[in-house]
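# Per-entry structural report
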Amino acid sequence: MYTSKLVAIFILITWLLFKLSRIGKRAANLPPGPPTVPLLGNIHLLPTRFSFVKFTEWAKEYGGIMSLKVASGTIIVLSDMQSVKDILDDRSSETAFRPSLHAADVVTEKKYIPLANPDNHVWRMGRRAIQPLVSHQAVQEYLPVAELETTQLLHDIIHNPDGLCHHISRYTFSFIASVVFGKAAPTSDSPELAHFNNYMRHQSSTVSPEAAPVDLIPILKYVPERWAPWKQLWTETRRLQRSLYYSFLEQSERRIESGAKSGAFIERIMDRQEELKLTREMVA
């Protein structure tokens, strides 16, 4: 009996060691990539900032399609335009789905259209809502806004060339905010622009490699927030997101109530809110 137990334990340990040795290992049918190590795969090689620089360097060695092992997961990196077209365009029905990002799901309560999958009602409703924004006729309507913002951009560059990055940031935000919400940012220190930049810094940190790898180590999802800095970051990011976009929505609602519509895209969405079955949060 004792011998049988020892044999069983030995077999179990051997099986566990074998399974562990396979974690992080690149399968033979995957594209080439950097050498892996057990358990981690290529995690130890992934840069926390400017990852595209390292990917470009690896592409020169391993080709336009390469694979990276992240523990038991796999990342496929496309580094040339022909590969992008062949896989993402010509085979879009197979590659249209997006990976799950738990942190983004928490911050947005799974209502973030760019990360939604084609079979998701959020994506379908979002597509119906956004299509009119990018139609040929709609784009023509935005030209006066683009000309106004471009004029402002050129004026700012001429009078303060050292602030080029700030001017471009203001121009980009102000054009989008004007078209979507009817709210421009006339200067680089506009409160809405400062709020947006603060939110984007938090959002980038939330989904960056520097954040906790909850998608790779699911148990991290269950750590209490007081002991989980990443969850505190999620909470603050969500607060910033809601305060920013709800402020835009409330301004639009007040304009509509006063009969002073600006023609902003959000006003058209609000007119179709019931038809598109959008909640107030999805509108914002």
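Residues numbered from 1 in each chain as written. Predicted model: local features only at pLDDT ≥ 70, side-chain atom pairs only at ≥ 80, totals over all residues. Heavy atoms only, no water.

## Things to note about the side chain of Lys 231
If you trace the backbone, Lys 231 turns up in helix H10 (residues 229–257). For the buried Lys 231, no salt bridge is present, and the opposite-charge side chain at shortest range is Glu 225, 6.8 Å distant. Engagement of the side chain of Lys 231 in a polar contact is seen with the backbone oxygen of Lys 221, the distance being 2.4 Å. Leave out the neighbours within four places in its chain, and Lys 231 touches Leu 220, Lys 221, Tyr 222, Val 223 and Glu 225. (Helix = DSSP H or I, 4+ residues; strand = E, 2+ residues; numbered from the N terminus. Buried < 20%, exposed > 50% of the residue type's maximum accessible area, 1.4 Å probe, protein only. Lys, Arg positive; Asp, Glu negative; His and termini not counted. Salt bridge = Lys/Arg side-chain N within 4 Å of Asp/Glu carboxyl O. Polar contact = N/O pair within 3.5 Å; in protein donor to acceptor, adjacent residues only side chain to side chain. Contact = heavy atoms within 4.5 Å.)

## Describing the side chain of Ser 252
Here Ser 252 shows up in helix H10. On the accessibility criterion, Ser 252 (0% relative accessible area) is buried. Apart from the residues within four sequence positions on either side, Ser 252 is in contact with Phe 181, Ile 266 and Met 270.

## With respect to the pairing of strand E1 (residues 65–70)
If a strand is regular, its side chains alternate between the two faces of the sheet. Within E1, five of the six residues are buried, leaving the element largely enclosed by the surrounding structure. Where E1 and strand E2 (residues 73–78) come together, six bridges link them in antiparallel fashion. The residue bridging Lys 69 from the neighbouring strand is Thr 74, located in E2. With antiparallel pairing between neighbouring strands as the criterion, E1 and E2 make up a hairpin whose turn holds two residues, including Ala 71 at a positive phi of roughly 55°. (Pairing = 2+ DSSP bridges.)

## With respect to the pattern of salt bridges
Scanning all chains against the criterion turns up 11 salt bridges. The residue Arg 238 makes a salt bridge to Glu 109 at a minimum N-O spacing of 3.1 Å. A residue pair is termed long-range when its members are at least 10 positions apart, and Arg 238 in helix H10 and Glu 109 in the loop between helix H5 (102–108) and helix H6 (121–130) qualify at 129 residues. The class of Arg 238 is buried, set by a relative accessible area of 15%. In this structure, Asp 271 and Lys 261 form a salt bridge, with 3.2 Å as the shortest nitrogen-oxygen distance. Taken together, the residues Asp 271 in helix H11 (residues 265–271) and Lys 261 in the loop between H10 and H11 connect sequence positions 10 residues apart. Of the residues examined, Asp 271 reaches a relative accessible area of 52% and is grouped as exposed. Residues joined by salt bridges that share partners form a network here, namely Glu 149, Asp 156 and Arg 170.

## Thoughts on unusual backbone geometry
Negative phi is the rule for most residues except glycine; trans is the rule for most peptide bonds. The residue Leu 39 is not glycine, and still its phi comes out positive at about 70°. With respect to the element layout, Leu 39 can be found in the loop between helix H1 (2–22) and helix H2 (51–62).

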